[in-house]
Each structure stands twice: as structure tokens, then as C-alpha cells.
Amino acid sequence: MDHCYRAIDADPRFHALARARSRLGWGLGGVMLVTYYAFILVIAFRPAWLARPLSSTTVITVGIAAGVALIVLGVALTGVYIWQANRSFDARNRAIVDAARRAV
Amino acid sequence: MTPVRRLRLPPLVGGLLTLCAGVAHADIGTAIHNMFSLPADMSHLKPTAVVMFSIFVLISLLITWWAAQRTKSTADFFTAGGNIGGFQNGLAITGDWCSSAALMGIAALLYSYGFDGLIYSVVPFGAWPLMMFLLAERLRNLGKYTVADIVSLRFARVPIRTLIASASLAFVVGYLIVQMVGAGTLISNLFGLNYEMAQVIIGGLIVVYVAFGGMIATTYVQIVKAVLLLSGATFIVVAVLLRFGFSLDGLYQAAVENHPTEEAIMQPGGLLPDPVNAISCGLMLLLGGAAMPHVLMRFFTVPNAKEARLSVAWAASLIGYFYLLTFVIGYGAIAFVMKNPEFLDAKTGLIRGGANMAAIHLASAMGGDLLLGFISAVAFATIVAVVAGLTIAGASAISHDLYANIFRHGKATDAEVMRMSRIAALSLGVLGMVLGIAFKDQNIAYLIVLPFTISSTVFFPVLFLSMYWRRLTTTGVVAGGWLGMASGVLMLVLGPTIWKDILGHAEPLFPYKYPALFSIAISVGTMFIVSLLDKSDRAKQEIAAFEDQYVRSQTGLGAEGAVQH
């Protein structure tokens, strides 16, 4: 197994895959963290921003809409990740592992 | 989560002493008598609720019987043999995540505080995408049975497992008390059964599920419960929206007219008293939610990283959907329960059974006895299933981490570990009952802060840094983990909830309700500093071992029980 790990570590395709995966993960994670923390900070420091109704004809406030939007955003981001991972990462990973197995 | 309110608890000694003292103070004879006696007034027994709950119990016992035939090895016991599919696991995770607090607690918060209750729907949900992007696949690729397996890949076995297993048990016991007390109270309201009897029923069921059916039974019971919970909640929401011709604005308008604070229920208020608490609470929910041991354990029940990813995607979607339903259920309760004399105490004018009953009363208002019975059974099933999930997480910490790996130095046979797991499940079941009875009639909402503080302070930093930071060493993990946990518990005890409200001191010694921000800083800071200062040979080996661990975490090569192709 150790030799296999060495072989994979020496494969530039492995590092390209790890980079691509980490770029996607941190990119989406960053969007998520920033929006969620923005929500918490607005509640903490500027609650009035969320207290406004969406329009003059409704009682639904910006806060309620933002809450719904955050949950939908979270689900959508996981969707993006899984789509990308299924589309490309799995096949690339398999190719790298197979090559390492053959080489050892 | 339910709001932390004034406690009617005598000023006992803090921490574990409180538990023991509580048992001693309660009249044990009365407790035991109550345990086995039927309620004097049988008219409180709600037939529809009892019938539906009995059906659930019957199905769950059949599942357990079926699972017991398939539980032959420790791998079956702890991880269902790694044979659970992504969708099934997603449902089971949803079940583990959505405790009764998710349905009744959030409805109660919304009913009392309006918008602020939504914070407890929206913010914890953020843990899911985070788990997907940063943890899920790596966890599956590195793990075997428990969280401690991941961390002990490159760190010293004994100190690391001691830390993680202790933290897991503290987490499990804290969470267990909340669930057991919630269950007892609920059941006396719903079924008319007495509190002690409820504890015995739940404790007994859990021991049977976990000891005989292991992870297979726990998973399928959890799946049944998740389906019941999601369909029950959907049913209420459809019924509520039907009354307003599916106009959300109509519903919210009605809620605003009914609530004493009117428009304020649509706006952020004072539930999070100041920015530091808000930030700390947010951090606790986000990171703590992403690293709960009974949820993380589920990643080891699927065959590979791809299925782990799929489970998170399903869990995130289903949990997100459920939280969106709470937006309607909470305000629905304001609209239909708050001014309805049927659900109010004739003397005080307050909601019967407390705010936690808001969702249940709403079910009754929407669908009469039939829906009331169904939702009551769902609530009970929810508690039973969550307690089972916690119990198996606790049992694995005891039998796999402490017994097999530390006490027996990895030399225990499969049969011995299985026996120890069953003993552990039985002990946890009994402990749950005892604590449930000891904490009867006490407001234990603050106890939910303890497990979340532990998971955000210990599990998340340890897992995250061990996967992402090469320089982390055993000494760093151990120092940071213990210091973080100890400081978190200390700040909680000295804080406003325990020191001031429970123990009755005039001023808290630590000013914030949520210590997570500080305890995380202490644990992560210590891990960084101590690891960097660690120049031992052991540390050099651990740093060198990062490479192999990294390759395995990325590719899944060498993962236990993983299907490579």
C-alpha cells in the first residue's frame, strides 16, 4: 500500500485533481460561509435591515426572504459540488489509482 | 433547540454532581412505583396516538429482529457492514439530525419569539454544505467505525482515543438527557402515560434496537422515522396553506394579527442578546453541527466516498426542505393556536403544555384527532430514533475506542467487542432512564449547549486540522482538545445560564451564554502553538505520515471495507 501511495504522490495528475477538488470545495464553502456569517452579523449589528417588509403590500420581511434564500442557496451549492464531482472527479480518481496499481 | 428560561431547580452542586444528587433527592420509591403503574385517569390516553405509536414500535421491533440476523461481525454492528446506500443513508442522517427539538423546539421558538426562532432553522443548516465541501469524502476515505479511527491514523493511539472517546461520551450523555426529559414531558402530554413509564419504554426500546440490531436496526428505524417526520410535517404545512389558498402572505398576516408583538414577529429581536453571543452561537451551530459524532458515524455505513457524497446531498436537501417547512409550521401555530381557547389553559390563558406543544396543537387544529395522533406518534418515534442513534455512537466509543483499542490494545476478538458493545448499549439505556428521571421537571434546554460546544470545540478542530494541516502533532491535539473542552465546560458553568439562573448567584463570572467562540479559540490556538513547538521524533514521524494520509483521504485507497471500483 505504501508503494501505491508513493506512486500516486508522484503522479502530477493526482496533484491536479487534488487542487481542482480543493478549489471547488473552498470556493463553494467560501460563498456559503460568507453569506451565512453575513446573515448572523446583520442580525447582531443591523437587525433593522432585515425588519423591512419586502413591499408595502406584504408583511413578509427581508429577513424571512433572506432565511429562505440561505437554505435554498445551501442546497444549490451542494448540488453544484456533487454535479462537478460526479461529472469529472470520480473518473480522474479511478484513472490515477489504476495507474498506480499497475506501476507497483 | 428550546429557549433557555428561568429554572426551577434547587441550587445543587454543578456538573455531574447535580445528576447524582438529583437521583438521591427524588423519592426513588415513588419513581419506581410510577414507572410500572398505569395513569389513574385513563381518559387522557389518546387512542389514535397510542395505536399509531404501537404500529411504529411493532415495525421497529420487526426491523430489529431482521437486523439481528444480519449482525454477525463488529463491522455489521458499528457500520451495518458498510452496505447502506447513499439515499438510505441520507434519510438516516436526516433522522439523526432532526431530533424532536427540530420539530417541536423550533415551532416553540417561533411561536414565542417569531423571527428569532428561524435563526435556529437557518444557521444550523449551514453545517451541511460545509460538511459536503470539506469533510464528507475524506471522512469516508479515512474512517473505519468511529471518529477516533480517523484521527488515530497518524497520531498516538492511546491519548487520542482517550480524548475523542471522552468527548464523545460527554456529547452523548448531554444530548441524551435533553432527549429523555423532552420525551417524558411530551408523553405525559400526548399519551397520558406517566413520565417514569415513558422513560422505561424509551430506554427499553433503545436497548433492544441497539444491543440486538446494532447499526443496521438503528439505521432503518431512523429511516422510518425520517419518512414519518417529513410526511407529517408536510401534511401540516399543506393543511395550513390550504386555509389561506396557498398564500404565504395570508398566513403571515394572520400570524401578525394574532401575536401580541404584531409585526415584531417578522423581525429580528432580542433572542441573541448581543453581537458576541450571536457570533459565538452561530459558530457553535455551524461547526458543532458539522461534527456531531452520531452523525459522522453514518459516513462509515456507506461503501465509498461517492456514496458518502450522495448521502450528504440527500441529507442536505431533506433537512433544508424540513427547515423550510418550519417557516410555515411556526407561524401557523401563531395563527391557529394562539387565540384558540381549545389549546389554552383556562386559568392563565397560556398555551397548554407549554410552547413545545405548539406544533402538536397545530396538528390537532388542522386535522383533528387523526392528525394529532399521527404527529404525536411521529414526535415519540423521533425521540426514540435519535436516542438510539446517540446510544450506538456512545456504545462504539466505549467498546471500540476505550475497550478494544485502549484497554485491550487492539487484541480483543470480534465476539468480545460485540459483547462489550451490548453491555455498553444496556448501560447507556439505563443511564438515560436514570438521568431522565433525575432531571424530571427541570428546564434542561441549557444542556443542548454542552454537546454543541464540545463538538465545535473538540471534534471539528481535531478532524479538520488533522486532515488539512500537516504540522499537527499528537501533543498539539491532546493539549488543545482537553484544554478546549475543559474551558468550554467551565465557561458554560460560570456563565449566565448555570451560574446565575440555576445556581442563583447575582452575577455570572463569565458574561456570555455561548462560550464556543472562546473555547474554539483556546482549543485551536493551543493545537497550533503546541504542535509547532513539538520537535520530538514522534512529531517528525507524524508529520511525515501526513503524505500517505493525504493520498488516502483524496483517493480512498486503503479505506476499510471500501469498494474501490
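Each chain carries its own residue numbering, running from 1 in the direction its sequence is written. A letter from A marks each chain and a number from 1 marks each ligand, given out in the order of writing. The predicted nature of this model means local features are confined to residues of pLDDT at least 70 and side-chain atom pairs, given and counted, to a pLDDT of 80 or more, with totals for whole chains, interfaces and linings taken over all residues. Values shown for side chains rest on all heavy atoms present in the structure; no hydrogens or waters enter the calculation.

### Focus: the overall build of chain A
Move 1: Secondary structure elements follow DSSP: runs of H or I of four or more residues count as helices, runs of E of two or more count as strands, with numbering from the N terminus. A count of helices and strands for chain A gives four helices and zero strands.
Move 2: The order of α-helices and β-strands along chain A, N terminus first, is α-α-α-α.
Move 3: Between the two quantities, the radius of gyration covers C-alpha atoms and the globule rule is 2.2 Å times the number of residues to the power 0.38. Over its C-alpha atoms chain A spans a radius of gyration of 22 Å, topping by over 25% the 13 Å that the globule rule assigns to 104 residues.
Move 4: Viewed in the frame of its principal axes, chain A has a C-alpha envelope of about 70 × 25 × 20 Å.
Move 5: Burial classes follow relative accessibility: with a 1.4 Å probe on protein chains only, a residue under 20% of its type's maximum area counts as buried, one over 50% as exposed, and anything between as partly exposed. Residues counted as buried form 44% of the 104 residues belonging to chain A.
Move 6: In this description, contact between two residues means that some pair of their heavy atoms is separated by no more than 4.5 Å. Across chain A, the fraction of contacts at a sequence separation of at least 24, relative to all contacts at a separation of at least 6, is 67%.
Move 7: Of the accessible surface of chain A, which amounts to about 5,300 Å², a share of 66% is contributed by carbon and sulfur atoms.
Move 8: In this tally, Lys and Arg are treated as positive and Asp and Glu as negative; His is ignored, and so are the chain termini. In plain terms, the charge of a residue is placed at NZ if it is Lys, CZ if Arg, CG if Asp and CD if Glu. Across chain A, the centroid of the 12 positively charged side chains sits 13 Å from that of the 5 negatively charged ones. Accessible surface area values rest on a Shrake-Rupley calculation with a 1.4 Å probe, where residue burial reflects the displayed protein chains alone.

### A short note on the overall build of chain B
Move 1: Counting its regular elements, chain B contains 24 helices and zero strands.
Move 2: Every one of the 565 residues in chain B was classed for burial, and the buried ones make up 63%.
Move 3: Across chain B, every contact between residues at least 6 apart in sequence was considered, and the portion connecting residues at least 24 apart equals 84%.

### Focus: the confidence of the model for chain B
Residue and element names in this part refer to chain B.
Move 1: Looking at chain B, pLDDT values average 86 and 90% of them are 70 or higher.
Move 2: Between the elements of chain B, mean pLDDT differs from a low of 39, seen in helix α1 (residues 15-25), to a high of 97, seen in helix α22 (residues 516-533).
Move 3: Predicted confidence is poor over residues 1-26, with pLDDT under 50, and the contacts of this stretch with residues over four places away or in other chains come to 45 contacts.
Move 4: Across residues 39-43, confidence stays below pLDDT 50; counting only partners more than four residues off in sequence or on other chains, it has two contacts. Confidence scores labelled pLDDT are given residue by residue by the predictor and lie between 0 and 100.

### Looking at a nonpolar patch on the surface
All names here are of chain B.
Move 1: To count toward a patch, a residue needs a relative accessible area above 30% and no salt bridge. Like charges then connect within 9 Å, nonpolar side chains (Val, Leu, Ile, Met, Phe, Trp, Tyr) within 5 Å. Each salt bridge in this description consists of a side-chain nitrogen of Lys or Arg and a carboxyl oxygen of Asp or Glu lying within 4 Å of one another. A cluster of nonpolar side chains, Phe528, Ile529, Leu532 and Leu533, forms an exposed patch at the surface whose accessible area comes to about 390 Å².
Move 2: By the secondary structure assignment, Leu533 is in helix α22.
Move 3: Overall, the relative accessible area of 64% leaves Leu533 in the exposed class.

### Thoughts on unusual backbone geometry
A negative phi angle characterises most non-glycine residues, just as the trans form characterises most peptide bonds.
All names here are of chain B.
Move 1: Look at Ala80: it is not a glycine, yet its phi comes out positive at around 55 degrees.
Move 2: Turning to its location among the elements, Ala80 is positioned in the loop between α4 (74-79) and α5 (86-97).
Move 3: Although it is not a glycine, His409 adopts a positive phi angle of roughly 50 degrees.
Move 4: With respect to the secondary-structure elements, His409 resides in the loop between α17 (358-407) and α18 (414-438).
Move 5: The exposure class assigned to His409 is partly exposed, which follows from its relative accessible area of 45%.

### Remarks on the interface of chain A and chain B
How big an interface is tends to be expressed through the accessible area that disappears when the partners come together.
Move 1: Counting from both sides, the interface comprises 53 residues of chain A and, opposite them, 52 residues of chain B.
Move 2: Of the roughly 4,700 Å² buried at the junction of chain A and chain B (both faces included), carbon and sulfur atoms supply 75%.
Move 3: Interface area lost by chain A to chain B is led by Tyr5, Val59 and Ile71 of chain A, which between them contribute 14%.
Move 4: In this assembly, chain A and chain B are joined by three salt bridges.
Move 5: Between Arg21 of chain A and Glu137 of chain B there is a salt bridge, with the nearest N and O atoms lying 4.0 Å from each other.
Move 6: In protein, a polar contact requires one atom able to donate a hydrogen and another able to accept it; more generally it is a pair of N or O atoms within 3.5 Å, and residues adjacent in sequence count only if both atoms are side-chain atoms. In this structure, the connection of chain A to chain B is made through twelve residue pairs in polar contact (both at pLDDT 80 or more).
Move 7: Listing elements by their share of the side of chain A that touches chain B, those giving two or more residues are α1 (2-9), α2 (12-45), α3 (47-51) and α4 (62-103) of chain A.
Move 8: With 21 residues, α4 of chain A is the largest single contributor of residues to the side of chain A that touches chain B. A simple way to read buried area is as the amount of 1.4 Å-probe accessible surface that goes missing from two parts once joined, with both sides added.

### Focus on the packing of aromatic side chains
Move 1: Here a Phe, Tyr or Trp ring, Trp counted by its six-membered ring, pairs with any other such ring whose centre lies within 6.5 Å, and the pair is stacked when the planes are under 30 degrees apart, edge-to-face when over 60, and tilted otherwise. Counting across every chain of the model gives 24 aromatic pairs over all chains.
Move 2: Relative to Phe464 of chain B, the ring of Trp26 of chain A has its centre 5.9 Å away and its plane inclined at 85 degrees; by these criteria the two rings are edge-to-face. With Trp26 of chain A in helix α2 and Phe464 of chain B in helix α19 (residues 449-468), this residue pair bridges two chains.
Move 3: Judged by its relative accessible area of 38%, Trp26 of chain A falls in the partly exposed class.
Move 4: On the basis of relative accessible area, Phe464 of chain B is assigned to the buried category, the value being 17%.
Move 5: Taken together, the aromatic side chains of Trp26 of chain A together with Phe460, Phe464 and Tyr468 of chain B make up a single cluster linked through ring pairs.
Move 6: By the criterion adopted, a ring carries a charge over it if an Arg CZ or a Lys NZ lies within 6 Å of its centre and within 35 degrees of its normal. Here the basic side chain of Arg138 of chain B rests over the ring of Tyr468 of chain B, its NZ or CZ set 4.2 Å away from the ring centre.
Move 7: Taking NZ or CZ as reference, Arg243 of chain B lies 5.4 Å from the ring centre of Phe336 of chain B, over its face.

### Considering the packing of α4 of chain A against helix α8 (residues 127-134) of chain B
Move 1: Here an axis means a line fitted to C-alpha atoms, over the contact stretch when the element is a helix, while the angle between two N-to-C directions is reported on a 0 to 180 degree scale. The interhelical angle for the contact between α4 of chain A and α8 of chain B, taken along N-to-C directions, is 15 degrees, at an axis separation of 9 Å. Looking at the two axes, α4 of chain A sits roughly parallel to α8 of chain B. Considering only the axes of α4 of chain A and α8 of chain B, their crossing is left-handed. Residue-level contacts link Gly74, Leu77, Thr78, Tyr81 and Ile82 of chain A of α4 of chain A to Pro129, Met132 and Phe133 of chain B of α8 of chain B.
Move 2: For this classification, Asp, Glu, Lys and Arg are treated as charged, while Ala, Val, Leu, Ile, Met, Phe, Trp, Tyr, Cys and Pro are nonpolar and the rest, including Gly, are polar. Of the residues assigned to the contact of α4 of chain A with α8 of chain B, the class counts are six nonpolar, two polar and no charged. Roughly parallel refers to an angle under 35 degrees, roughly antiparallel to one over 145, roughly perpendicular to one between 65 and 115, and oblique to any angle outside these ranges. Left-handed describes a crossing whose near helix is turned anticlockwise from the far helix by less than a right angle; the clockwise case is right-handed.

### Examining the environment of Ile8 of chain A
Move 1: The residue Ile8 of chain A is located in helix α1 in this model.
Move 2: Under the relative-accessibility criterion, Ile8 of chain A is labelled buried at 0%.
Move 3: Separated by 21 residues in sequence, Ile8 of chain A and Gly29 of chain A place their C-alpha atoms 27 Å apart.
Move 4: The contacts of Ile8 of chain A, once residues within four sequence positions are left out, are Phe14, Ile96, Val97 and Ala100 of chain A together with Val551, Thr555 and Leu557 of chain B.

### With respect to the packing of helix α6 (residues 100-113) of chain B against helix α7 (residues 115-125) of chain B
Residue and element names in this part refer to chain B.
Move 1: At a closest axis distance of 6 Å, the pairing of α6 and α7 adopts a crossing angle of 155 degrees. The angle between α6 and α7 places the two elements in the roughly antiparallel class. Within the contact between the two elements, α6 uses Ile106, Leu109, Leu110 and Tyr113 and α7 uses Phe115, Asp116, Gly117, Leu118, Tyr120 and Ser121.
Move 2: Along the lines of polarity and charge, the residues of the contact of α6 with α7 split into seven nonpolar, two polar and one charged.

### Topic: helix α12 (residues 195-243) of chain B
Residues and elements named next belong to chain B.
Move 1: Take the residue count of a helix, subtract one, and multiply by 1.5 Å to get its expected span. In this model α12 runs just 36 Å from its N-terminal to its C-terminal C-alpha over 49 residues, more than 12% under the 72 Å that 1.5 Å per residue would give.
Move 2: To get the bend at a residue, fit one axis to the 7 residues ending there and another to the 7 starting there, then take the angle between the axes. Gly213 marks where α12 bends most, by close to 130 degrees.
Move 3: N-capping of α12 is provided by Asn194, with a side-chain oxygen placed 3.3 Å from the backbone N of Glu196.

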